[in-house]
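# A closer look at the structure
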Amino acid sequence: MAAAAAAAAGPVFWRRLLGLLPGRPGLAALLGRLSDRLGRNPDRRRRRSPWLLLAPLLSPAVPAVTSPPCCLCAEGVHRFQWIRNLVPEFGVSSSHVRVLSSPAEFFELMKGQIKVAKRRVVMASLYLGIGPLEQELVDCLESTLEKSLQAKFPPGLRVSILLDFTRGSRGRKNSRTMLLPLLQRFPEQVRVSLFHTPNLRGLLRLLIPERFNETIGLQHIKVYLFDNNVILSGANLSDSYFTNRQDRYVFLQDCPEIADFFTELVDAVGDVSLQLQGDDSVQMVEGMVHPYKGDRAAYCKAANKRVMDVINSARTRQQMLHAQTFHSDSLLTQEDAAAAGDRRPAPDTWIYPLIQMKPFEIQIDEIVTETLLTEAERGAKVYLTTGYFNLTQAYMDLVLGTRAEYQILLASPEVNGFFGARGVAGAIPAAYVHIERQFYSAVCSLGQQERVRLQEYWRRDWTFHAKGTRRPLAGGRPAQGTPLSSLPSAPAGLGVAWRPASACLHDGSAVAAASSRLCPFQLCKISPLCLPKMWMLRSLGWLF
């Protein structure tokens, strides 16, 4: 009875908040959706539960692999190679993959990579913060650009930065003002692109307050590359992500094909974004439809073509390279390659960049994630990690309807980025707890407590932002040589599900690894000092 009362109190709580927001439609829409979700009839869930067993049948089938399997792949990795029909496949040696464990390591690595960059620096993030650590990063860029100008030969260093327009323009001092000195001093070498969602336009754009307009959609790609080295992460360029906000970071060293792909991808999104000028004005690339002043359908069609051209051309290139190189006898073992020094070692890790840009009708991330979850058989183990637990209905049905074991790591309320915030934002952690309780109630009602387990991350004075999916080929921790699949970046729908899955530009990467160097615990590694604590969700009822 107490649980039923708590569930019934949820909608009342949120509708009271909605009544306090007559002039804030953006946040009202967010809270309204949460209210609708919290107010679902529990009886409806119980009536629906038998149909959950059909969830795998209703999901898309695994696409067939059209190209021959790689002779170098470990047994079982072929199961993931259907992804190459959707995106380019990059084969690398695990010796070129390094997993970072802390925000400080991530920050120091970025600074070090900027200082030695000779040809290109490409950075895509939601925003750039305005504190001293962010200024230190900008100073590193300025120093490296200055050295490039002083070189005897024409400067070859190019810096391209992609941010979200709404988040990057918030406040009088913002991401734009932080980067203006670079644009003014190095106009031929620096490009700053600000993506503006085509969904925020007209009266809606005028009415939604600055702080809440990002709920409509934004640029959420996170990639940082320096010459041929790439950092795949979920971290933004902000001080907390450099100090005490736990995220995931995968450093790919000397991977030119991957670096070229992400450079082209960021350039493509940059071409359909607003270009920051030295006087803090913005303008579109000549001939491109304006994202919120022009025709929406025409803009989205042009953006789709620009991005898909990058994906398809890279996929074709990699298929040709795969056929010419990986199926020849020119590859060496890692031991022999170290001695030879001039030929790459045999790949044991395959990386598939997954792109999610639903405004442009690009939903590769959703297709791959749903397929991986659908194909998880009995005995398989799937690890899900998210700082904001709000599964889409499709993912919830797959988790509850398949027979694999799930271990889900969530953020405890205290490490949620909104914990302790002023005003309505301070209630957001409690909203996520309520959603967790709903999900756990569904798990219990189906008697699946042993199959679906939830843990919460907690560390004093830290916040938690890691998102990802890991799926070993067989249940449990993989032994040496056992391939696994991993998405070290957040699949669409694992975070604030309704927003990334439907309105944002988003990138992730699926990794199929046959090396024992890369296990699922490493690809989304949590520091040993950050041990998660177990909480039964039923014990959190006091929050409501």
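Residues numbered from 1 in each chain as written. Predicted model: local features only at pLDDT ≥ 70, side-chain atom pairs only at ≥ 80, totals over all residues. Heavy atoms only, no water.

Under an unreviewed UniProt entry, the name given to the protein is Phosphatidylglycerophosphate synthase 1, and the organism recorded is Ovis aries.

## A closer look at the overall build of the protein
Rules: Strands here are runs of E lasting at least two residues and helices are runs of H or I lasting at least four, both read from the DSSP assignment and numbered beginning at the N terminus. Note on definitions: a residue-residue contact is assigned when non-hydrogen atoms from the two residues lie within 4.5 Å. Accessible areas in this description were obtained via Shrake-Rupley with a 1.4 Å probe; residue shielding takes into account the shown protein chains only.
When helices and strands are tallied, the protein shows 17 helices and 20 strands. The contacts of the protein with a sequence gap of at least 6 include a subset with a gap of at least 24, amounting to 78%. Surface summary for the protein: the accessible area is close to 22,400 Å², and the carbon and sulfur share equals 55%.

## Regarding the pattern of salt bridges
Condition: A pair is scored as a salt bridge if a Lys or Arg side-chain nitrogen falls within 4 Å of a carboxyl oxygen belonging to Asp or Glu. Only protein chains enter the accessibility calculation, which uses a 1.4 Å probe. A residue is then buried if its area is under 20% of the maximum for its type, exposed if over 50%, and partly exposed in between.
The final tally for this structure, using the stated rule, is 18 salt bridges. Across the pair Arg176 and Asp280 runs a salt bridge, and its minimum N-O distance is 3.1 Å. Taken together, the residues span a long stretch of sequence, with Arg176 in helix H8 (residues 175-185) and Asp280 in the loop between strand S10 (274-276) and strand S11 (282-284) at a distance of 104 residues. Residue Asp280 is classed as partly exposed on the basis of its relative accessible area of 29%.

## Quick notes on the pairing of strand S18 (residues 468-472)
Note the threshold: Note: two strands are recorded as paired if DSSP finds a minimum of 2 bridges between them.
With five of five residues buried, S18 lies mostly within the body of the structure. Of the two faces of S18, the one carrying Gly468, Arg470 and Pro472 and the one carrying Thr469 and Arg471 are both buried. The sheet contact formed by strand S14 (residues 381-386) and S18 spans three bridges and is antiparallel. Across the sheet, the residue bridging to Leu384 is Thr469, located in S18.

## Quick word on the sheet that holds strand S6 (residues 223-226)
Strand pairs in the sheet, formed through backbone hydrogen bonds, run parallel or antiparallel to each other. Convention followed: Each axis is a line fitted through C-alpha atoms, and for a helix only the stretch in contact is used; angles between axes span 0 to 180 degrees, taken between their N-to-C directions.
The nine strands are arranged S2-S9-S7-S6-S3-S4-S5-S10-S11 in an open sheet whose pairing can be described as mixed. In the strand order of this sheet, the two ends are held by strand S2 (97-100) and S11, each with one partner. Across the sheet, the mean angle from the axis of one strand to that of its neighbour is 20°, orientation sign disregarded. Note: strand S3 (residues 120-124) against S6, four bridges, orientation antiparallel. Paired with Ala124 across the strands is Val223, a residue of S6. With respect to the sheet, H8 is in contact with strand S4 (158-164), strand S5 (190-195), S10 and S11, its orientation differing from that of S5 by roughly 155°.

## Describing the packing of aromatic side chains
Aromatic ring pairs are described here by two measures, namely the spacing of the ring centres and the angle between the planes. The test is simple: Geometry of aromatic contacts follows a simple scheme: Phe, Tyr and Trp rings, the Trp one being its six-membered ring, pair when their centres are within 6.5 Å, and the pair is stacked under 30 degrees between planes, edge-to-face over 60, tilted otherwise.
Counted under the stated rule, the structure contains 12 aromatic pairs. Geometrically, the ring pair formed by Phe389 and Phe439 is edge-to-face, given 5.2 Å between the ring centres and 65° between the ring planes. Linking Phe389 in the loop between S14 and helix H15 (393-401) with Phe439 in helix H16 (residues 428-445), this pair joins segments that are 50 residues apart in sequence. For the pair Phe389 and Phe439, one class covers both residues: buried. One aromatic cluster is present, built from ring pairs that chain together Phe106, Phe107, Tyr224, Phe242 and Tyr249.

## Let's talk about the nonpolar core
Put simply, the rule is: Nonpolar core, defined: a set of buried Ala, Val, Leu, Ile, Met, Phe, Trp, Tyr and Cys residues in which side-chain atoms within 4.5 Å join the residues together.
Counting 96 residues, the largest nonpolar core has Met110 and Met357 as its most contacted members. Formed by 27 residues, the second largest nonpolar core is a distinct cluster that contains Ile408, Ala425, Ile428 and Phe439.

## A few points about helix H5 (residues 103-116)
Defined as follows: Here a helix's expected span is defined as the number of its residues, less one, multiplied by 1.5 Å.
A rise of 1.5 Å per residue sets the reference length of H5, with its 14 residues, at 20 Å; its end C-alpha atoms lie 20 Å apart and thus fit the reference within 8%. Turning to H5, its buried residues are Pro103, Phe106, Phe107, Leu109, Met110, Lys111, Gln113 and Ile114.

## Remarks on the confidence of the model for the protein
Put simply, the rule reads: Looking at any residue, its pLDDT shows the predictor's confidence there, from 0 to 100.
Averaged over all residues, the pLDDT of the protein equals 77, while 69% of them reach at least 70. Across residues 488-501, confidence stays below pLDDT 50; counting only partners more than four residues off in sequence or on other chains, it has 65 contacts. Confidence over residues 519-544 falls short of pLDDT 50; this stretch has 75 contacts with residues more than four positions distant or in other chains.

## Considering the side chain of Gln113
Worth spelling out the cut-off: A 3.5 Å cut-off defines polar contacts: any pair of N or O atoms within that distance qualifies, except that in protein one atom must be a possible hydrogen donor and the other a possible acceptor, and neighbouring residues in sequence count only when both atoms are side-chain atoms.
With respect to the helices and strands, the residue Gln113 is situated in helix H5. Within the structure, the side chain of Gln113 is placed 2.9 Å from the side chain of Asn229, a separation counted as a polar contact. Beyond its immediate stretch of four places on either side in the chain, Gln113 contacts Phe226, Asn229 and Phe251.

## Examining the side chain of Gln448
Positionally, Gln448 belongs in the loop between H16 and strand S16 (452-457). For Gln448, a relative accessible area of 14% puts it in the buried group. Within polar-contact distance, the side chain of Gln448 engages the backbone oxygen of Leu400 at 3.2 Å. Only 2.2 Å separates the side chain of Gln448 from the side chain of Arg451, close enough to count as a polar contact. Beyond its immediate stretch of four places on either side in the chain, Gln448 contacts Val399, Leu400 and Val443.

## Description of helix H6 (residues 132-150)
This is how it is decided: This arc is built from the directions going out from the helix axis to the C-beta atoms.
Over its 19 residues, H6 runs 27 Å from end to end, which matches the ideal 27 Å to within 8%, given 1.5 Å per residue. Those residues of H6 not exposed but buried are Glu134, Leu137, Val138, Cys140, Leu141, Thr144, Leu145 and Ser148. The arc that holds every buried residue of H6, seen down its axis, measures 145°, which confines them to one face. The exposed residues of H6 that point more than 90 degrees off its buried face are Pro132, Lys147 and Gln150. The elements touched by buried residues of H6 are H5, S3, S4, H8, S5 and helix H10 (239-243).

## Here's the deal with the pairing of strand S9 (residues 249-252)
Side chains Tyr249 and Phe251 of S9 all project onto a buried face; the interleaved residues Val250 and Leu252 project onto the opposite face, where all are buried too. Where S2 lies against S9, four bridges are found, and the strand directions are antiparallel. Across the sheet, the residue bridging to Leu100 is Tyr249, located in S9. Examined bridge by bridge, strand S7 (residues 229-233) and S9 share four bridges and lie antiparallel to one another. The residue bridging Val230 from the neighbouring strand is Leu252, located in S9.

## Concerning the environment of Leu200
Within the element layout of this structure, Leu200 appears in the loop between S5 and helix H9 (202-207). A sequence separation of 92 residues divides Leu200 from Tyr292, and the C-alpha atoms of the two residues are 6.7 Å apart. With sequence-adjacent residues up to four places away left out, Leu200 is seen in contact with Thr166, Arg205, Ile208, Asn213, Ile216 and Tyr292.

## Digging into a nonpolar patch on the surface
The test is simple: Candidate patch residues must exceed 30% relative accessible area and have no salt bridge, after which like charges are joined if within 9 Å and Val, Leu, Ile, Met, Phe, Trp or Tyr side chains if within 5 Å.
Where nonpolar side chains cluster on the molecular surface, the patch consists of Leu203, Leu206 and Leu207 and spans about 360 Å² of accessible area. Structurally, the position occupied by Leu203 is in helix H9.

## Considering unusual backbone geometry
Although it is not a glycine, Asp254 sits at a positive phi angle of roughly 55°. Mapped onto the secondary structure, Asp254 falls in the loop between S9 and helix H11 (256-271).

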